[in-house]
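# Residue-level structure breakdown
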Amino acid sequence: MMLLKESFPLRTGRGIYYSIILGLLLCNIPRPLLAQNSIKMGDLVPELTLHNVVNYKNTTLKLSDFQGKIVLLDFWATWCGSCIKAMPKLDSLQKEFADHLQIISVTYQKKAEIDKFKKLNSTVQNFKLPMVTGDEQLIKLFPHRALPHLVWISQEGKFISTSSGYTIADSTFQNLLKVADK
């Protein structure tokens with residue numbers, strides 16, 4: 001350990017300098033390298049089979065299973081307080097607009113970790129929406145840097161919108177329905 005401290009002293013000007021340079025280099029990685037498999041707004045979402053699904057009739061699902069409905073992908077994690085707090089609202093939106101909307105919760109965290117978290121958190125215990133756990137495919141397709149992250153997919157399977165944070169209101173969804181119907 002002493003060798004590490006001496007060779008890369010983080011508390012000295014030199015260590016801070018190296019940390020800043022490394023940070024700047026990482027921030028300047030060309031976007032295509034960060035998101036090689038991502039799609040652009042307006043593109044058709046490719047057919048995917050998603051695994052490790054809970055709260056659904058099967059442990060797999062396909063986005064095309066919901067063709068004819070707007071699909072909202074809600075990227076979240078157990079450490080995201082606003083994600084957890086929004087779950088009852090998402091459940092309510094799903095019930096209210098069930099004929100036109102399918103909300104799918106997506107997390108990179110493994111099923112075992114989610115199961116453990118569900119036991120400790122009453123908000124998540126009652127969450128009924130389909131949830132993809134241990135996801136790697138959707139995160140590559142819709143890269144993001146912060147949570148929560150929302151992705152909207154049209155009735156025809158096109159990527160139509162994205163947002164960070166929960167600004168979902170019934171009126172927002174109704175406006176999206178009007179745009180999608182045109």
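By convention here, each chain's residues receive numbers from 1 onward along its written sequence. In keeping with the model being predicted, local features are shown solely for residues with a pLDDT of at least 70 and side-chain atom pairs are shown and tallied solely at 80 or more, while totals for entire chains, interfaces and linings include all residues. To obtain the side-chain values, all non-hydrogen atoms of the structure were used and water was disregarded.

### Observations concerning the overall build of the chain
Rules: Runs of E in the DSSP output that reach at least two residues are strands. Runs of H or I that reach at least four are helices, and both are numbered from the N terminus. Whether two residues are in contact is decided by their heavy atoms: any pair within 4.5 Å suffices. Here the Shrake-Rupley method, with its probe set to 1.4 Å, supplies the accessible areas, and only the displayed protein chains count as covering residues.
Of the regular secondary structure elements, the chain holds 8 helices and 8 strands. In the chain, the proportion of contacts linking residues at least 24 apart, taken out of those at least 6 apart, comes to 70%. In the structure as shown, the chain presents an accessible area of about 11100 Å², 57% of it carried by carbon and sulfur atoms.

### As for the nonpolar core
Put simply, the test is: Take the buried Ala, Val, Leu, Ile, Met, Phe, Trp, Tyr and Cys residues and link them wherever side-chain atoms come within 4.5 Å; each set so joined is a nonpolar core. Burial classes follow relative accessibility: with a 1.4 Å probe on protein chains only, a residue under 20% of its type's maximum area counts as buried, one over 50% as exposed, and anything between as partly exposed.
With 21 residues, the main nonpolar core has Leu-72, Trp-76, Leu-101 and Ile-103 as its most contacted residues. Of all the elements, helix α4 (residues 81-96) adds the most residues to this core, at 5 residues. Listed in part, the 20 residues of the second largest apolar core include Leu-63, Phe-66, Val-151 and Ile-153.

### Structural notes on the side chain of Asp-135
Threshold: Only four residue types enter the tally: Lys and Arg on the positive side, Asp and Glu on the negative side, with His and both chain ends excluded. A pairing counts as a salt bridge when a side-chain nitrogen of Lys or Arg comes within 4 Å of a carboxyl oxygen of Asp or Glu. Polar contact is defined as a pair of N or O atoms within 3.5 Å, subject to the rule that within protein one atom must be able to donate a hydrogen and the other to accept it, and that residues adjacent in sequence are counted only when both atoms are side-chain atoms.
For Asp-135, the position within the fold is in the loop between β6 (131-132) and α7 (137-141). For the buried residue Asp-135, which engages in no salt bridge, the nearest side chain bearing the opposite charge is Lys-140, 9.4 Å off. One polar contact links the side chain of Asp-135 to the main-chain amide nitrogen of Ile-139, over a distance of 3.0 Å. Apart from the residues lying within four places of it in its own chain, the contact partners of Asp-135 are Leu-50, Phe-75, Val-106, Thr-107 and Tyr-108.

### So, helix α5 (residues 111-120)
Basically, it comes down to this: The directions from the helix axis to the C-beta atoms form the arc being described.
Within α5, burial applies to Ile-114, Phe-117 and Lys-118. Along the long axis of α5, the arc covered by the buried residues comes to 105 degrees, so they all point the same way. Turned more than 90 degrees from where α5 packs its buried face, Ala-112, Lys-116, Lys-119 and Leu-120 sit exposed.

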